[in-house]
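So the chains spell out like this:
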Amino acid sequence: MLVKFEVEKRLGDFLLSAAGELAEGLRCIVGPNGSGKTTLMKILAGLMKPDKGHVSMFGVRSVVYISDLPSPPDVLGIDVLAAGRTRFSKKPISEEEEETLLKYAELLGVAQLARRRWGTLSGGERQRLVVAAALAAEADFLLLDEPLSNLHGDWRKRVMETLRNYARQRIVVVTTHHGDVLDCCAEILAMREGKLMWRGPPSEYTWPIDGKCDV
Ligand SMILES: Nc1ncnc2c1ncn2[C@@H]1O[C@H](COP(=O)(O)OP(=O)(O)OP(=O)(O)O)[C@@H](O)[C@H]1O
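About the criteria used
- Residues numbered from 1 in each chain as written.
- Predicted model: local features only at pLDDT ≥ 70, side-chain atom pairs only at ≥ 80, totals over all residues.
- Heavy atoms only, no water.
- Near = heavy atom within 4 Å.
- Polar contact = N/O pair within 3.5 Å; in protein donor to acceptor, adjacent residues only side chain to side chain.
- Areas by Shrake-Rupley, 256 points an atom, 1.4 Å probe, with all protein chains shown as cover.
- Helix = DSSP H or I, 4+ residues; strand = E, 2+ residues; numbered from the N terminus.
- Nonpolar A, V, L, I, M, F, W, Y, C, P; charged D, E, K, R; others polar.
- Domains from an automatic or database assignment.
- Contact = heavy atoms within 4.5 Å.
- Buried area = accessible area lost by both parts, 1.4 Å probe.
- Salt bridge = Lys/Arg side-chain N within 4 Å of Asp/Glu carboxyl O.
- Core = buried A, V, L, I, M, F, W, Y, C linked by side-chain atoms within 4.5 Å.
- Buried < 20%, exposed > 50% of the residue type's maximum accessible area, 1.4 Å probe, protein only.

This brings us to the site of the ligand. What surrounds the ligand is a group of 13 residues, the closest being Asn33, Gly34, Lys37, Thr38 and Thr39. Between an oxygen atom of the ligand and a side-chain N or O atom of lysine 37, the distance comes to 2.7 Å. Within the complex, the protein chains bury 57% of what would otherwise be the 650 Å² of accessible surface of the ligand. With three residues, helix 1 (residues 37-44) is the single largest residue contributor to the shell around the ligand. Classifying every residue of the shell around the ligand gives three nonpolar, eight polar and two charged.

The subject of this paragraph is the domain arrangement of the protein chain. The domain architecture assigned to the protein chain consists of domain 1 (24-47 + 139-215) and domain 2 (69-138). Here the C-alpha centroids of domain 1 and domain 2 sit 23 Å apart. Each side of the interface is counted separately: domain 1 has 17 residues, and domain 2 has 14 residues. Summing both partners gives a buried area of about 1200 Å² for domain 1 against domain 2, and 67% of it is carried by carbon and sulfur. On the domain 1 side of the interface with domain 2, the three residues burying the most area are Trp155, Thr162 and Tyr166, jointly 33% of the side's total. Where domain 1 meets domain 2, there are zero salt bridges.

This paragraph deals with the nonpolar core. Generally speaking, soluble globular proteins have nonpolar side chains that are buried together. Of all hydrophobic cores here, the largest spans 50 residues; its most connected members are Leu26, Leu142, Met160, Leu163, Val172 and Val174. Per-element accounting of this core gives the leading share, eight residues, to helix 4 (residues 123-136). When residues of this core are assigned to domains, at least three map to each of domain 1 (24-47 + 139-215) and domain 2 (69-138). Contacts of leucine 26, omitting those with residues within four sequence positions, involve Met160, Leu163, Arg164, Ala167, Val172, Val174, Cys184, Cys185, Ala186 and Glu187. If you look at the next biggest cluster of nonpolar residues, it comprises 21 residues, including Leu16, Leu44, Phe141 and Leu189.

Once that is clear, we can look at the environment of histidine 54. Positionally, histidine 54 belongs in strand 4 (residues 52-58). Histidine 54 sits 49 residues away from phenylalanine 5 along the chain, and the two C-alpha atoms are 5.8 Å apart. For histidine 54, the contacting residues outside a window of four places in its chain are Lys4, Phe5, Glu6 and Val7. Here serine 56 takes part through its side chain, which lies 3.4 Å from a polar atom of the side chain of histidine 54.

Moving on: the side chain of threonine 39. Here threonine 39 is to be found in helix 1. For threonine 39, the contacting residues outside a window of four places in its chain are Lys9, Leu11, Phe14, Leu16 and Met48.

Below you can see the structure in the form of structure tokens.
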């Protein structure tokens, strides 16, 4: 599977101009606030149309983009888990389907939240349920915008390790500001002011951390 892109997009004063390709594995897009990470992700996911250029996919049958998953307070954890597959369809979840959903929930330690109501969950519990729902969608190309927000360091690591394993036969792209998890990804794509300034393996990513956790 391969995704190739060469795109330009103007949003007010901001100009995104980026080109590259994405193969199987876990990739992290990093960069300061407003550098264009979300804009690029939405264009790659087909949710935003570029002004110029194109995104071409080879062997990719399904694409899922998830940032947050605003849910009604009364909705059950299991329904949130199912949302990535069914988009809150009213059809009851079959036993077999529930088994699959719980398998992904277990990977992120949230299977026990299946019968809890969204409104009663902590920020970190909600975040892990949302990532589990994204995994359960089983897309060939998965884009997760800031999947680590609200998560403590240990959970950040576990989520990223889970995504790394999941990405063995899929293209998975995440955005993050957390420098402590970059070792988990196959490649880092660093953005500045709408441009992809650098890409390479985490072992070579010395610029521009300058000793801070924030990337
Ligand atoms: N609809 C819009 N109209 C005008 N400017 C926009 C619009 N959408 C986004 N922008 C601007 O485009 C720039 C890039 O935004 P984007 O959300 O892609 O950045 P980001 O790197 O994801 O930032 P963050 O780390 O804060 O989430 C920002 O300056 C933002 O204000």
